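Understanding the architecture of this molecule
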Amino acid sequence: MAKRRASKWQREQRPLSTQFLAPGGISTGIATKRDGEYHVRFISAAAAQKEYICPGCHGRIPPQTAHIVAWPTGSLFGVEYAAEQRRHWHSHCWRIAA
C-alpha cells in the first residue's frame, strides 16, 4: 500500500523566496480592493495541481480548475509576511470580493 503524504498543514513550512515578489516575478497584476492592493496571479487549469478552499465562498477549488491567487502588496510585518497571506480564489469570487 502506498504511503500517504502528510497534510500540508502538518508539514514543515518551506521558506518563501522573495525574488518572486519583485516586479516581473509571478504577479501578473495588481488589483485594488476596499482593504488594499493585492498582487494577482491567474492560474490556468493545466497548472492547477492541488485542491484549495476559496476564502470567498468557502467552497472547494478542485485540481485542474483555473483560479486566482492573490496576496497583499505589502504589510507592516514585511514582504514575506504579506506573501504568506496568499489565498486561492474562484475567479468569480475574486471579482465580487469587496
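See above for the structure.
The following refers to the structure shown. Since the structure is predicted, the reported quantities are computational estimates derived from the model, not experimental observations. (Residues numbered from 1 in each chain as written. Predicted model: local features only at pLDDT ≥ 70, side-chain atom pairs only at ≥ 80, totals over all residues. Heavy atoms only, no water.)

**Here's the deal with the environment of R60**
- Here R60 is to be found in strand β4 (residues 60-61).
- Put simply, R60 and W89 are 29 residues apart on the chain and 9.5 Å apart in space, counted from C-alpha to C-alpha.
- Residue contacts for R60: discarding those within four places in its chain leaves E51, Y52, I53 and H90.
- At 3.0 Å, the side chain of R60 and the side chain of E51 are in polar contact. (Helix = DSSP H or I, 4+ residues; strand = E, 2+ residues; numbered from the N terminus. Contact = heavy atoms within 4.5 Å. Polar contact = N/O pair within 3.5 Å; in protein donor to acceptor, adjacent residues only side chain to side chain.)

**Side note on the nonpolar core**
- Counting residues in each nonpolar core, the largest one holds 11 residues, listed as A31, Y38, V40, Y52, C54, I61, I68, A70, W89, C93 and W94.
- Of all the elements in the fold, those that place two or more residues in this core are β2 (36-43), β5 (67-72) and α2 (91-96).
- Those residues in contact with I61 that lie beyond four places of it in its chain are K50, E51, Y52, C54, H67, H88, W89 and H90.
- Membership of the second largest hydrophobic core comes to 5 residues, among which are I43, A48, W71 and A83. (Core = buried A, V, L, I, M, F, W, Y, C linked by side-chain atoms within 4.5 Å. Buried < 20%, exposed > 50% of the residue type's maximum accessible area, 1.4 Å probe, protein only.)

**A closer look at the packing of aromatic side chains**
- The full count for this structure, using the stated rule, is 2 aromatic pairs.
- Ring centres of Y38 and W94 lie 5.7 Å apart, and the angle between their planes is 85°; on these two criteria the pair is classed as edge-to-face. Here Y38 is found in strand β2, whereas its partner W94 is found in helix α2, with 56 residues between them in sequence. For the residue pair Y38 and W94, the accessibility class agrees, reading buried in each case.
- Pairing W89 with W94 gives two aromatic rings, centres 5.3 Å apart and planes at 70°, and the pair type is edge-to-face. As far as burial versus exposure is concerned, W89 and W94 are alike and both buried.
- Among the aromatic residues, those joined into a ring-pair cluster are Y38, W89 and W94. (Phe/Tyr/Trp six-rings, centres within 6.5 Å; stacked < 30°, edge-to-face > 60°.)

**Comments concerning the state of the cysteines**
- All told, the structure shown has 0 disulfides when counted by the stated rule.
- Here C57 stays unpaired: no disulfide links it, and the sulfur of C93, its closest cysteine neighbor, is 3.8 Å away.
- Free of any disulfide, C93 has its nearest neighbouring cysteine sulfur in C54, separated by 3.7 Å. (Disulfide = S-S within 2.5 Å.)

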